[in-house]
Structure formats: C-alpha cells, structure tokens
Amino acid sequence: MRLRPLFRFAGPIIAISYALAWVMLWPTEQPYWVLPFGLRFGALLLTRTRDWFWILGGEIAASAFCEWRSGLPIGGAGFVLGDTPEPLMVAACLWLLRRAHLHASLNTPEDVARLLLSAMVTATVATAGNAAMMASLHPAAPVEMLGTTFGSDLLGNYLGVLLVVPVMVLVFRERPTQTALAELLLDGLLVMLPSLAILVTLAEYSPQPQFARVLSLAPVLFFAFRHGWRGAGLAMLITSVGLNVTEDMIGRGAPTAAAHLFLAVAGTGTLMLGAATDALRRSSERVAQQNTHLAAANQRLDQLARQLRDAARGNLQAEESLRRHMASELHDELGQNLTAIQTHLKLAQSRLGNAGLDDIGSAINGILGHMRRALHKMLDSLRPSVLDEFGLLRALDEGPIRDMLTAAGIHYVTDLRGEPRLLDDDTLTAIYRVVQESATNVVRHSGAKEMRLRLRIGLRDSGPVAVLDIRDDGHGLPSTPRPVRTDGGGRGLQGMSDRITALGGLFRIVPEPVGLHLRVLLRSTSIGTNIGNFPIAGS
C-alpha cells in the first residue's frame, strides 16, 4: 500500500533520473566515444515501452539544458532538427528489435551477439539519419567531411553501447550475488588499480603509446575469465575511461580513431568471451548437480538392489528351510512306516508261505523297495543328505553326481581346492545345486562324453569367494530354448541363474565352439563356522 504513491510518479522519476544521468555523461562526448548514445540505448532496452515518452522527454530537456550551459544558441527549428530525430530513430529501431525478441540479457554468447548486432544496426540507422539531416542542412558540405563524420559517429555510438549497456544490465537486471560482488570489488582493487597505474606510466613515458592500449587488454581478459561478462563489461568501461583520462592528462588530447577502434574490437571479443565463460561455468554447475543427483540415485538403486538381494536370499533360505523340514518329516514318518511295513512283512513271510501266498509277499516287497528308492530320490531333491554327511568337496567328487555321470558313461573330472567351511550354508547348497543341475542336463540333453568341474574357494578383500567352472563337450545350447519344467525336476539354466542372483553372485554362460561352459562367482555374506586356523588353498 505504501508503494502505490511511488508507482503513480514512476514516469517523472524515470525522466528525472535519466536526465541527470544524461547531463553527467554529456561532457564526456567526443568523436569516437559517445557514452550518452549507450545510455539512451540501455534505457530504452531496459524500460517498458509506455515509459519511453518520459525517457525521450527527459533527454530533450537535458540536451536543451546542456546546450544552454555551453552557450550554444538554442533555436526552435534548429534544436528540433538537430536533437530530436536521433532519439526517435533509436526508439523506432529498438521497438522493432524488441518485437523481434531482443531482450536485455548477456548470459550466453548468442545473447551478446544479438545485443551487439542490434547495437550496430541501431547505431548505423541513427548515424545515417544524422548524416542525411546534416546533408540537407548543409548542402555545400564536402562529401569527405560527411563520410568522416559518419564513420566517427558510427564508431562512437557503437562504442557507447558496448561500454554502457553491459553495466546498466548488470545494475538493473542481473545483479551479482554478494559473494560474487565482493570478489569483483577485491579483484578491482588488486588488479585493476595497479593496471591503471601501469597504463598511465606507459602512456606518459613510452615512445609508442599504442603498447599501453594493447597491455590494457590484459586485465580485461582476466576479468572476463574470472567474472564472466559482468567483469568484462566493468573492466572495459574502466579501461576506456582510463585511456581517455590518461591521454588528456599527458596533453595528447582525445585518443585517435585507431585507439577507439581497438577498444571496440577488444570490447566485443572480451564481452563474448565473458559470456562464454559464464555459460561454461553454468554448464559445469549443472553437470555437477546432475552428477550429485545421479550419485544419489545410484545410491538409492544400490540400496534397493541390496534390499532385493536380501529379499531373494530370504526367500531362498525359506525355501531351503521348508525343503529341509519336508525332508525330515518324510524321512521320519514315511521312511519309518516303510521300515515298519517291511519288518511286519518279513515276520509274516513264513505264514504267507504256509498259505501259498509267497508271490504276494514278493510283490509287496518289490513295491516297498520301489517306494523306498522313490523316497530316497525325493529326499535327495529336497535336501541333499550327502552334503551334510560328506561335506561339499567329497559330495561333489564322490557322491551321487559322480554315480549318475558314471552310469551314463560320462567321464567326470574334478579339480577342487579351498576350504568349504569359509562359506555359509546357502552358498554351499547353491554350489551343489548348480553342479547337480548341470550334471542332470549333461546326462539328459547334451550327449557329452566328458564333464569337467573346477572349484576354487578362498579369502579375498571382499571376504570368502567361491569360483565355479563347469564344462562339457556336448551339443551346447539348443537354437530354441526348452520350456521350464514343472514336474518337480530341475529348472535348467534359468533356475541356476536365479539361485546365484538371489545370493548376489554372478552367473555367466561363456561362448564355446563345442559344449557348454558355465562360470559362477559367489561371495559368501559371512564366514562359516568351525573354521579354525588352517591355510587357504591357492587359486
């Protein structure tokens, strides 16, 4: 509510502020260096179109005041024709350029190029209009003088935009943070002031003062690299003012056209360089932020992966626990009942013989034997008892796996090293299951003559590790995968892969010209019990 009275007088405030700035810059105007033109361009660029009336009115009033103070005659027609057309032409050009999406921004090299190109176009139109007006007012003026005036005005107008507009954008649109401003001021004291002192010394005592202009570019480049377009704009303005003041102090008058042309070219390049530096710095910050987000996302993914592995391991442990429980129940209940039936049948064998029923007793014995073998097979599929009785290495080397392969006429070669007690029960069971399933696949599907098993168990930096290598010389994988079995048998390669993945291991099928080659890596989550002190077998 308190700000509404100020908004009511926003136009007059803008006009007064602009007129004061114009009066302050008007004495600095000289050939090749027209800072008031840059002030007009920046004010029209930064303000709303509806406030342009106040800006143009303030400029006309300030121009009249400055000419009156200078003792110049102010005639009605002469003043109107001399001071009014240029602001109107600049306003018309900027109105068209703003409709073509020109905006007050120097954040990217494209923005800087668009702004400077607009400045060149506007300066050219304004200078051409002034030249035409001069030619109409002074038809006897030589063409060479008109050409020289056109060149000096064009360079001065462009240089005024180049020096003033970046500072105006910095002050009114894109202010730096407090930290950036403090660094900018500190570098100004540590770099710019000594550079200006060196510039004055070289300009006064050097036989070739153009060296001073070349060396003055060094701090501008430093500010462009360190502070972007903001530093480049401020450093360029300070350096330009320093050159003009220095030339005036040592009595050489205003700098030549070559000096100002050098400033225009150097300023354009350093401003583009500063904008590119800012764009690169923002890009680096965005990349750093994206890397931070990616690191956090990867951390969350790792956490989810650990949770999934823990859940899969828990499911596998629950499945093995259920298998163990079912095997124990079947062994205790069904196995004991079969044994009791066989015992009773044996006791009743003599009575069956006396009754002439020997064939019935033999048939019942055969059925009971078949049931016992089926029970043993089922118990072995639920929980390999040989793993508990013999241990992993002996179970793989001498247990039912070798018996099955030998019965099928397949040569079985083992190379087993390491201490299984390093591994937990889940890893031991997984190794045996993978070898058992591989042997079953070799017997049923591969037509192989040989199967080789290589196992290494040892300690690594990450803990106990088991490396399993299984090869055969059979037909290899079929061209079309077989369907997953649902009859209680093995689940094939997919089942092995799922079991290894659930334990956080790696399951890989190695391409081979003949046969099938499997490699399995398992890391045990905890060292097994009853290890004691013993050497670990080498790999």
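Look up a bit, the structure's there.
Residues numbered from 1 in each chain as written. Predicted model: local features only at pLDDT ≥ 70, side-chain atom pairs only at ≥ 80, totals over all residues. Heavy atoms only, no water.

A. Region of interest: the packing of helix α4 (residues 52-69) against helix α6 (residues 85-99). At a closest axis distance of 11 Å, the pairing of α4 and α6 adopts a crossing angle of 155 degrees. As judged from the angle between their axes, α4 and α6 are roughly antiparallel. Our pair here, α4 against α6, has a crossing hand that is right-handed. Residues Trp-52, Leu-56 and Glu-59 of α4 pack against Pro-87, Leu-88, Ala-91, Leu-94, Trp-95 and Arg-98 of α6. Taken together, the residues of the contact of α4 with α6 sort by class into seven nonpolar, no polar and two charged. (Axes fitted to C-alpha atoms, helices over the stretch in contact; angles between N-to-C directions. Helix = DSSP H or I, 4+ residues; strand = E, 2+ residues; numbered from the N terminus. Parallel < 35°, antiparallel > 145°, perpendicular 65-115°, else oblique. Left-handed = near helix turned anticlockwise from the far one by under 90°. Contact = heavy atoms within 4.5 Å. Nonpolar A, V, L, I, M, F, W, Y, C, P; charged D, E, K, R; others polar.)

B. Examining the packing of aromatic side chains more closely. Scanning the model with the defined rule gives three aromatic pairs in all. Taken together, a centroid distance of 6.2 Å and an interplanar angle of 35 degrees make the contact between Tyr-18 and Trp-22 tilted. Here Tyr-18 pairs with Trp-22, and both are found in helix α2 (residues 10-25), just four residues apart, close to one helical turn. A relative accessible area of 5% means that Tyr-18 is categorised as buried. (Phe/Tyr/Trp six-rings, centres within 6.5 Å; stacked < 30°, edge-to-face > 60°. Buried < 20%, exposed > 50% of the residue type's maximum accessible area, 1.4 Å probe, protein only.)

C. Local environment of helix α18 (residues 425-446). The end-to-end C-alpha separation of α18 is 30 Å, in line with the 32 Å expected for 22 residues at 1.5 Å each. Of all the 22 residues making up α18, 18 are buried; the element is thus mostly covered by neighbouring parts of the structure. Between the side-chain oxygen at the start of α18 and the backbone nitrogen of Asp-426 there is a gap of 3.1 Å, and the oxygen is on Asp-424. One or two positions beyond α18, positive phi appears at Gly-447, with a value near 70 degrees. (Expected span 1.5 Å × (residues − 1). Polar contact = N/O pair within 3.5 Å; in protein donor to acceptor, adjacent residues only side chain to side chain.)

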